[in-house]
Amino acid sequence: MFERIDYVIARIDGDYAYLKQVEHPGEDLKCVARALLPENIAEGTYLAYEMMQYTVTEAQD
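Residue numbers run consecutively from 1 along every chain, following the written order of its sequence. Predicted model: local features are reported for residues with pLDDT of at least 70 only, side-chain atom pairs are reported and counted for 80 or more only, and whole-chain, interface and lining totals are derived from all residues. The side-chain values count all of the structure's non-hydrogen atoms but skip hydrogen atoms and water molecules.

Caption draft 1: Representation of the packing of aromatic side chains in the model. The aromatic pairing rule takes the rings of Phe, Tyr and Trp, using the six-membered ring of Trp, and pairs them if the centres are within 6.5 Å, calling planes under 30 degrees apart stacked, those over 60 edge-to-face and the rest tilted. All told, the structure shown has two aromatic pairs when counted by the stated rule. Both rings, one in Tyr-7 and one in Tyr-54, keep their centres 6.4 Å apart while their planes meet at 50 degrees; by these two values the pair is tilted. Of the two residues, Tyr-7 sits in strand 1 (residues 5–13) while Tyr-54 sits in strand 5 (residues 53–57), which places them 47 residues apart along the sequence. One exposure class covers both Tyr-7 and Tyr-54, and it is buried. Seen in terms of ring centroids, Tyr-49 and Tyr-54 are 4.6 Å apart; in terms of plane orientation they differ by 45 degrees. Their pairing is tilted. By relative accessible area, Tyr-54 is classed as buried at 9%. An aromatic cluster is present here, built from Tyr-7, Tyr-49 and Tyr-54 joined pairwise through their rings. Each helix is a run of DSSP H or I of at least 4 residues and each strand a run of E of at least 2, with the numbering of both proceeding from the N terminus. Each residue is placed in one exposure class: buried if its accessible area under a 1.4 Å probe, protein chains only, is under 20% of its type's maximum, exposed if it is over 50%, and partly exposed if it falls in between.

Caption draft 2: Region of the structure containing the pattern of salt bridges. Throughout this description, the term salt bridge denotes a Lys or Arg side-chain nitrogen within 4 Å of a carboxyl oxygen of Asp or Glu. The tally for this structure, following the rule as stated, stands at one salt bridge. One salt bridge in this structure joins Arg-4 and Asp-6, with 2.9 Å as the shortest N-O distance. A relative accessible area of 38% places Arg-4 in the partly exposed class. With relative accessibility at 16%, the residue Asp-6 sits in the buried group.

Caption draft 3: How the structure looks around the sheet that holds strand 1. Spatially, the five strands line up as an open sheet ordered 3-2-1-4-5, and their pairing is antiparallel. Every interior strand has two partners, whereas the edge strands, strand 3 (30–33) and strand 5, have only one. Adjacent strand axes in the sheet meet at a mean angle of 40 degrees when their direction is disregarded. When strand 4 (residues 46–50) meets strand 5, the two strands line up antiparallel, connected through five bridges. Each bridged residue has a counterpart across the sheet, and for Ala-48 the counterpart in strand 5 is Thr-55. Strand pairing is defined by DSSP finding a minimum of two bridges between the two strands. Axis lines are fitted through C-alpha atoms, for helices just across the contact stretch, and the angle between N-to-C directions can take any value from 0 to 180 degrees.

Put into structure tokens, the structure is as follows:
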């Protein structure tokens, strides 16, 4: 239920960021309010979502 999901920020549009799942890149982008994300993010930033919280991570090779 609270498993980790890795995302990359595909696009930032005003107060929203559009996230792409790293493991399932063909799925639709997830729209998330920037207020719920860490500060100082940019397009291409990798995020992990776990325990109902987003944190910045390194790219998973």
